[in-house]
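# Coordinate inspection notes
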Amino acid sequence: MKTVWQMIKVFLLFTGCMLLFYYSLIWFNREYENYHRYDEPQGSAVEVSTTENPSFEWMDRLLLFYRNGE
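Report follows, based on the coordinates. Sequence order sets the numbering: in each chain, residues are counted from 1 along the sequence as written. Local features are withheld for residues below a pLDDT of 70 in this predicted model, meaning they are given only at 70 or higher, and side-chain atom pairs are given and counted only at 80 or more; totals for whole chains, interfaces and linings count all residues. To get the side-chain values, all heavy atoms of the structure are used, and hydrogens and water are removed first.

### So, the overall build of the chain
Note the cut-off: Each helix corresponds to a stretch of at least 4 residues labelled H or I by DSSP, and each strand to a stretch of at least 2 residues labelled E; elements are numbered beginning at the N terminus. Remark: exposure states derive from per-residue accessible area (1.4 Å probe, protein chains only) relative to the maximum for the residue type, with buried under 20%, exposed over 50%, and partly exposed in between.
Broken down by element type, the chain carries 2 helices and 0 strands. In the chain, which comprises 70 residues, the share counted as buried stands at 0%.

Given below as structure tokens:
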């Protein structure tokens, strides 16, 4: 009888933790589904990238790759 009671306690603990995890995932999903990541920035935003087109030859690009360790 003691073993059955311990099994019931473990089952209830597992079920409770699983439900808590499941509903927390649902909450995170609802929280971030309306998050607009690709909106234009507000205020005094500065563009970081440039439209330069450097003309690297393939050997120069390969040496740059090896030198930077990327």
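### Brief notes about helix α1 (residues 2–32)
Cut-off, in case you're wondering: To estimate how far a helix should reach, multiply one less than its number of residues by 1.5 Å.
An ideal rise of 1.5 Å per residue puts 45 Å on 31 residues; α1 measures up with 45 Å between its terminal C-alpha atoms. For α1, the tally of buried residues reaches only 0 of 31 residues, placing the bulk of the element at the surface.

### Here's the deal with the packing of aromatic side chains
For clarity, the threshold we go by: Pairing of aromatic rings covers Phe, Tyr and Trp, the last through its six-membered ring, and needs centres within 6.5 Å; plane angles under 30 degrees mean stacked, over 60 mean edge-to-face, and all others mean tilted.
Applying the stated criterion to the full structure yields 3 aromatic pairs. Considering the side-chain rings of Y22 and Y23, the 5.3 Å spacing of their centres and the 75° angle between planes classify their relative orientation as edge-to-face.

### Here's the deal with a nonpolar patch on the surface
Spelled out, the test is: Patch membership requires more than 30% relative accessible area and the absence of a salt bridge. Residues of like charge join within 9 Å; the nonpolar side chains Val, Leu, Ile, Met, Phe, Trp and Tyr join within 5 Å. Areas reported here follow the Shrake-Rupley algorithm with a probe of radius 1.4 Å; residue values treat only the protein chains shown as occluding. By definition, a salt bridge exists where a carboxyl oxygen of Asp or Glu is found within 4 Å of a side-chain nitrogen of Lys or Arg.
Together, W58, M59, L62, L63, F65 and Y66 line one region of the surface with nonpolar side chains, adding up to about 680 Å² of accessible area. When you line up the elements, L63 lands in helix α2 (residues 58–68). Among the residues examined, L63 registers a relative accessible area of 43% and is labelled partly exposed.

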